[in-house]
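# Architecture and fold: a report
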Amino acid sequence: MIPKDWKHLENIVNKSLNLSETKGSGNVHNDGDGKGWSRNHQSYDLLMAECKFTKNNTKSVSFKKDDFQKNESSARRFGRKPIMATYQEGDQDVFIHITLRDFAMIYKNHLEHTKEEEE
């Protein structure tokens, strides 16, 4: 789905990742745009997303490091993994940015969870 504006981007990301919309997103200091919540998981297994929508389509995908660091600080404080979701008007995809450390952990958990049982 192609986002129409920043709010639509937040809705798409939250729905796709089953995140809860944060109350007053953007108004609350360091609260992210979507947070993982589950009774069946520890908080450190969940995500906190910050979404950035831009109308200026460029030939690169980027965000300010300060924005990621603010999101990372908040996510870690709440025991979550930080991600950034970015979209530029005219693109066909929303991009997700995550640290290599966190992606490696997610990927290794995925491999462990999906490996076939040895007989």
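Anything mentioned here points back to the structure above.
Presented here is a report on the structure given in the accompanying data block. The numbering scheme is per chain: residues are counted from 1 as the chain's sequence reads. In keeping with the model being predicted, local features are shown solely for residues with a pLDDT of at least 70 and side-chain atom pairs are shown and tallied solely at 80 or more, while totals for entire chains, interfaces and linings include all residues. Only hydrogens and water are removed before side-chain values are computed, so all heavy atoms of the structure are retained for them.

A few words on the layout of surface pockets. Residues are called lining when one of their atoms sits within 4 Å of a cavity or pocket point, these points coming from a 1 Å grid over the protein atoms alone, where a cavity is a set in which a 1.4 Å probe fits but cannot get out and a pocket is an open set with protein on both sides within 12 Å along at least five of seven lines. Grid points are joined across faces, edges and corners, and a volume is the space filled by probe spheres set on the points. Computed from the structure, the largest pocket encloses a volume of approximately 540 Å³. At the level of elements, strand 4 (81-88) and helix 3 (100-114) are the ones that each hand at least two residues to the lining of the largest pocket. What counts as a helix is a DSSP run of H or I of at least four residues, what counts as a strand is a run of E of at least two, and both are numbered from the N terminus. Of all the elements, helix 3 adds the most residues to the lining of the largest pocket, at five residues. Each residue belonging to the lining of the largest pocket can be placed in one class, and the counts come to 12 nonpolar, six polar and two charged. Classification convention: Asp, Glu, Lys, Arg as charged; Ala, Val, Leu, Ile, Met, Phe, Trp, Tyr, Cys, Pro as nonpolar; all other residues, Gly among them, as polar.

So, about the side chain of Lys 81. Structurally, the position occupied by Lys 81 is in strand 4. Partly exposed describes any residue whose relative accessible area lies between the buried limit of under 20% and the exposed limit of over 50%, with all areas from a 1.4 Å probe on protein chains only and scaled to the type maximum. Counted as positive: Lys and Arg. Counted as negative: Asp and Glu, with His and the chain ends omitted from the count. Just to be clear on terms, a salt bridge is a Lys or Arg side-chain nitrogen sitting within 4 Å of an Asp or Glu carboxyl oxygen. No salt bridge is formed by the buried Lys 81. Its closest oppositely charged neighbour is Asp 102, at 4.1 Å. We call two residues contacting when some pair of their heavy atoms lies within 4.5 Å. Excluding anything up to four places from it in sequence, Lys 81 contacts Tyr 44, Leu 46, Leu 47, Met 48, Ala 75, Arg 76, Asp 102, Met 105 and Ile 106.

All right, on to unusual backbone geometry then. Phi angles above zero are rare outside glycine, and Asn 18 is one such case at about 55°. Overall, Asn 18 belongs to the exposed group, its relative accessible area being 65%.

Strand pairing is assigned whenever DSSP identifies at least 2 bridges connecting the two strands. The strand order across the open sheet built from five strands is 1-2-3-4-5, with neighbouring strands paired in mixed fashion. Only two strands of the sheet have a single neighbouring strand rather than two, namely strand 1 (20-21) and strand 5 (95-97). This element, helix 1 (residues 6-17), spans strand 1, strand 2 (34-35), strand 3 (47-54) and strand 4 of the sheet and lies at about 150° to strand 3. For helices, the fitted axis covers only the stretch in contact; all axes are lines through C-alpha atoms, and the angles between them, taken along N-to-C directions, range from 0 to 180 degrees.

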